[in-house]
Amino acid sequence: MLSNLEKWENVQNSAAESGSLLEADMIGLADGKHYKEEAYATLYPERCKLDNLDKDARFEKILKIREDAQAEFQDLQNFNRKFVPLDKAMALVEKCQAGDPENPSRFFAHELYEAIKNRFVSDKYILKFFSATGGTHLDISHGIDCYFKLYDRETGKELTRATIDMTQNPKKDWTKSDVLIFIDRDDRERLDGSKNNDRFDPEFLKKVITEETEKITNAMIENYQKRNQ
């Protein structure tokens, strides 16, 4: 299993430059720049106040906040010291999605989303998918790469959720998340129908999606039952 430092370096270097990480390929990344700004404002609300400033001073302070936010999270030890509780970390991630939570752009994430969505009555519920990869507190501190949330369509209330940790390490058998998804490095192209390659295998994709949908749906049911005990 990668150490936090190795994971951080991979996120900052490989993912940002080439999108080569498993998570980047399969589920996409959160908006890292936006995330740093939102996390900085959450951790340091007093530093980010803009009250009683004229237009020019307000503009200068916004630029300074943005610069400070980017610098704040370059150091991993500093990042880890600024622990963000789970629900706040989720709220930050949800503010910083690069795409539509109801229409994931990555092929694998989209196929998984549609399969889970079909398990619920669409006129009663709304399903949303959120990616937490890309150096978020949810990813680094809580071990969550992505998650699904189910909402009541009429009230907008969150009913349940399932958190997911993705890995290409066959020896990893424990996770902080509700569900661990293992995808072998060599199987990425077999699961990606968005590319024109001879390795894409629709039957293999169907098998994996079916298996993971079952695990995620069961986790959502268990979470719902715990909330309503």
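Let me sum up the structure you'll find in this document. (Residues numbered from 1 in each chain as written. Predicted model: local features only at pLDDT ≥ 70, side-chain atom pairs only at ≥ 80, totals over all residues. Heavy atoms only, no water.)

1. As for the overall build of the protein
Turning to step 1, where the next piece is worked out: Within the protein one finds nine helices and four strands.
Turning to step 2, where the next piece is worked out: Going residue by residue from the N terminus, the α and β elements of the protein occur as α-α-α-α-α-α-α-β-α-β-β-β-α.
Turning to step 3, where the next piece is worked out: Classification of the 229 residues of the protein by burial places 42% in the buried group.
Turning to step 4, where the next piece is worked out: Of all intrachain contacts in the protein linking residues separated by at least 6 positions in sequence, the fraction that spans at least 24 positions is 63%.
Turning to step 5, where the next piece is worked out: Total accessible area on the protein stands at roughly 13,000 Å², and carbon and sulfur atoms take up 46% of it. (Helix = DSSP H or I, 4+ residues; strand = E, 2+ residues; numbered from the N terminus. Buried < 20%, exposed > 50% of the residue type's maximum accessible area, 1.4 Å probe, protein only. Contact = heavy atoms within 4.5 Å. Areas by Shrake-Rupley, 256 points an atom, 1.4 Å probe, with all protein chains shown as cover.)

2. Some remarks on the pairing of strand S3 (residues 158-167)
Turning to step 1, where the next piece is worked out: Counting buried positions over the 10 residues of S3 gives 10, a clear majority of the element.
Turning to step 2, where the next piece is worked out: In the sheet, strand S2 (residues 146-152) pairs with S3 via six bridges, with the strands oriented antiparallel. Directly across from Cys146, in S3, lies its bridge partner Ile164.
Turning to step 3, where the next piece is worked out: A loop of five residues connects S2 with S3, the two strands running antiparallel in sequence, and Gly156 in this loop sits at a positive phi of about 80°. (Pairing = 2+ DSSP bridges.)

3. Quick notes on the nonpolar core
Turning to step 1, where the next piece is worked out: Counting 28 residues, the largest nonpolar core has Phe108, Phe148, Met166, Ile216 and Met220 as its most contacted members.
Turning to step 2, where the next piece is worked out: Sorting elements by how many residues they give to this core places helix H9 (residues 202-227) first, with seven residues.
Turning to step 3, where the next piece is worked out: Setting aside its immediate chain neighbours within four residues, Phe108 contacts Met26, Met166, Ile183, Leu191, Leu205, Val208 and Ile209.
Turning to step 4, where the next piece is worked out: Core analysis: the next-biggest nonpolar cluster, separate from the first, contains 22 residues, Tyr44, Ala69, Met90 and Leu138 among them. (Core = buried A, V, L, I, M, F, W, Y, C linked by side-chain atoms within 4.5 Å.)

4. A few points about the pairing of strand S1 (residues 125-131)
Here is the key point about a regular strand: its side chains alternate between the two faces of the sheet.
Turning to step 1, where the next piece is worked out: Taking burial as the measure, the seven residues of S1 include five buried ones, the bulk of the element.
Turning to step 2, where the next piece is worked out: Sheet topology places S1 next to S2; seven bridges connect them, and they run antiparallel. Residue pairing in the sheet places Ile126 in a bridge with Tyr151 of S2.

5. Looking at the packing of helix H3 (residues 32-43) against helix H6 (residues 86-95)
Turning to step 1, where the next piece is worked out: At a closest axis distance of 9 Å, the pairing of H3 and H6 adopts a crossing angle of 140°. One way to sum up the angle between H3 and H6 is to call them oblique. Crossing handedness for the pair H3 and H6: right-handed. In this structure, H3 contributes His34, Tyr35, Glu38, Ala39 and Thr42 to the contact, and H6 contributes Leu92, Val93 and Lys95.
Turning to step 2, where the next piece is worked out: Classifying every residue of the contact of H3 with H6 by side-chain character gives four nonpolar, two polar and two charged. (Axes fitted to C-alpha atoms, helices over the stretch in contact; angles between N-to-C directions. Parallel < 35°, antiparallel > 145°, perpendicular 65-115°, else oblique. Left-handed = near helix turned anticlockwise from the far one by under 90°. Nonpolar A, V, L, I, M, F, W, Y, C, P; charged D, E, K, R; others polar.)

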